[in-house]
Amino acid sequence: GIELKNLNFDGEIASYLLNPSESKYDMLNLLNQYSGINTSGIDADDKNGIAALYVQKLDDIKRNMLTEINKHGMNELFEKIEMPLIEVLSSMECLGFKVDAQILHDIGFELSEEIDKLTGEIYDIAGSEFNINSPKQLGVILFEKLNLPVIKKTKTGYSTDAEVLEELSDKHEIVDKIINYRQLVKLKSTYTDGLISCIGKDGRIHSSFNQTVTATGRISSTEPNLQNIPIKMEQGRRIRKAFVPENDEYVIISGDYSQIELRVLAHISQDKSLINSFVNNEDIHRRTASEVFGIPMDEVTPLQRSRAKAVNFGIIYGQSDYGLSKELKISRKEAKSYIDNYFKRYSGVKDYLDSAILDAKDKGYVTTLMNRIRYIPEINSTNKNVKKFGERLAMNTPIQGSAADIIKIAMVKVYSRIKKEKLKSRLILQVHDELIVEAYKNEIDYMKQLIKSEMENAVKLSVPLVVDINVGNNWYEAK
DNA sequence: TTGACACGC
DNA sequence: GCGTGTCAA
Ligand SMILES: [Mg+2]
């Protein structure tokens, strides 16, 4: 019920923009970096003393930070995006998302039954009882008792991750049951039990949205994390049926950007072919397959399209031929030919990614669409692996960070219009390329248009931004 | 506290 | 590439 008004400067956010890789933006750190005083003699436990000094030096700290923000051209990012976003996130936290506990209990009960059944079967096959949740104990069973081949090792012993289990699945009947067990236990512990424990007295889940955690400008969500609710597998996806509107006067509307990162890449690289693909609204993975494999669009097979999709993801991540070969389970040579072909066809993308690495080396940092910065010290490492990692950061950060800039602009715009026009609908969640609105039924058509247009027109790029809108009686149905 | 693992974009 | 939660040790 308390309003946030006339906020124009937040020190934590200002310092986050000046270096988003820091882990703490507390008063002592800010004093040390921006007040000009020597803080080496200050007792870190003296909270009152630090707070008093911070207030005393606030004018200096503020002036120094704003000067730096200005130098980097981040004025608009700070004043027009990040500062207004504080109220948007605060509102999302206060509103929360209503959750039907009964649905979660029902799913949880089903999961328990299946887990119990699988547990018994696994013990029977193994010939002994052990903690299946312990990778260490599971490793002993799989690789010592049952003598299955060791696929890969971790720092501490045998790896038993999903990729390893997948490879072992036709070697022993226990493996599929373990794969299944893992999935179900994850759903039960993190999602049914975990979410139930977060439901407030108002029947809603109030996540925390952190604005100063990620190095790229994305927001993060904790207690609970509402940005990783299952969607890929149907069994997990059903969890979304528990996320419901307040009552039957409301529905859930979801607006999600189509291919926002590749569109951002087309824009910042100005690659002619990639821009053309999006201007013509092509199926981008099919087009990539056609270019990489040198075949007409209508002759692309499902496998080729799927591989091209992995190539596109790899480009965004700055993936090497080695990384792509592991992802697609193909030879390094074959992966290299995919990437080489891609860069021949999309030479503007190649030039751009090279320039991002040069930027990181020359200036020490890379930037996004709205001039958000991220320092990349890894790029100067003498350790080859660290240096390569730095190069991937230099390539990925402008893409991921620009997408974050865009959806933040859209959030501020959607929120402002709802407030100004005194609508009953509410912005309640953001999941990186998606906004979720709890919409009043009389406002459905209006909100669909409002969300679509504010998201698509958040910024003007060389390619269109496309947003898909879906409506449903719960989050699952809004797909 | 850390590492392994699994969920999301 | 970017995150967070759970569990075991
Ligand atoms: Mg999408």
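Anything mentioned here points back to the structure above.
These numbers were taken from a predicted model, which means no experiment stands behind them.

J.: Help me understand the environment of Ala 289, please; the structure alone is not making it clear to me.
T.: Among the structural elements, Ala 289 can be located in helix H13 (residues 284–293). The spacing of Ala 289 and Leu 303 is 14 residues in sequence and 9.5 Å in space, taken between C-alpha atoms. With sequence-adjacent residues up to four places away left out, Ala 289 is seen in contact with Gly 294, Ile 295, Val 300, Gln 304, Arg 305 and Ala 308.

J.: I'm lost on the protein's contact with DNA strand C in this one. Help?
T.: As a structural note, the neighbourhood of DNA strand C is formed by 25 residues, with Asn 131, Ser 134, Glu 223, Arg 392 and Leu 393 the closest of them. Taking the atoms of DNA strand C that fall within 4 Å of the protein, sugar and phosphate contribute 72% of them. Lys 186 places a side-chain nitrogen or oxygen 3.2 Å from a base nitrogen of DNA strand C. Counting only elements with at least two residues in the surface near DNA strand C, the list comes to helix H9 (173–196), strand E4 (220–222) and helix H18 (384–420). Among the elements that line the surface near DNA strand C, the one with the most residues is H18, at five residues. Class assignment of the residues belonging to the surface near DNA strand C gives a composition of five nonpolar, 15 polar and five charged.

J.: Before we go on, may I ask you to explain the packing of helix H11 (residues 260–269) against helix H17 (residues 347–363) in this structure?
T.: At their nearest, the axes of H11 and H17 sit 9 Å apart, and the two run at 80° to each other. On the basis of their axis angle, the class for H11 and H17 is roughly perpendicular. Contacts between H11 and H17 involve Leu 265, Ile 268 and Ser 269 from the first element and Gly 348, Val 349 and Tyr 352 from the second.

J.: Before we go on, may I ask you to explain the protein's contact with DNA strand B in this structure?
T.: What surrounds DNA strand B is a group of 21 residues, the closest being Thr 160, Arg 218, Asn 228, Ile 231 and Lys 232. The protein-proximal atoms of DNA strand B, defined as those within 4 Å of the protein, are 86% sugar or phosphate. Backbone polar atom of Asp 161 to a phosphate oxygen of DNA strand B: 3.5 Å apart, as the coordinates give it. With four residues, H9 is the single largest residue contributor to the surface near DNA strand B.

J.: Mind showing me how you'd approach the pattern of salt bridges here?
T.: Pairing is possible between side chains that carry opposite charge, provided their charged atoms lie close to one another. For the structure on display, the rule yields 31 salt bridges. The salt bridge involving Asp 193 is made with Lys 188; its shortest N-O contact spans 2.9 Å. Taking the relative accessible area as the measure of exposure, Asp 193 reaches 36% and is therefore partly exposed. By relative accessible area, which is 19% here, Lys 188 ends up buried. One salt-bridge network, in which partners are shared between bridges, spans Glu 82, Arg 372, Asp 405 and Lys 408.

Rules of the game
Residues numbered from 1 in each chain as written. Chains lettered and ligands numbered in written order. Predicted model: local features only at pLDDT ≥ 70, side-chain atom pairs only at ≥ 80, totals over all residues. Heavy atoms only, no water. Helix = DSSP H or I, 4+ residues; strand = E, 2+ residues; numbered from the N terminus. Contact = heavy atoms within 4.5 Å. Near = heavy atom within 4 Å. Polar contact = N/O pair within 3.5 Å; in protein donor to acceptor, adjacent residues only side chain to side chain. Nonpolar A, V, L, I, M, F, W, Y, C, P; charged D, E, K, R; others polar. Axes fitted to C-alpha atoms, helices over the stretch in contact; angles between N-to-C directions. Parallel < 35°, antiparallel > 145°, perpendicular 65-115°, else oblique. Salt bridge = Lys/Arg side-chain N within 4 Å of Asp/Glu carboxyl O. Buried < 20%, exposed > 50% of the residue type's maximum accessible area, 1.4 Å probe, protein only.

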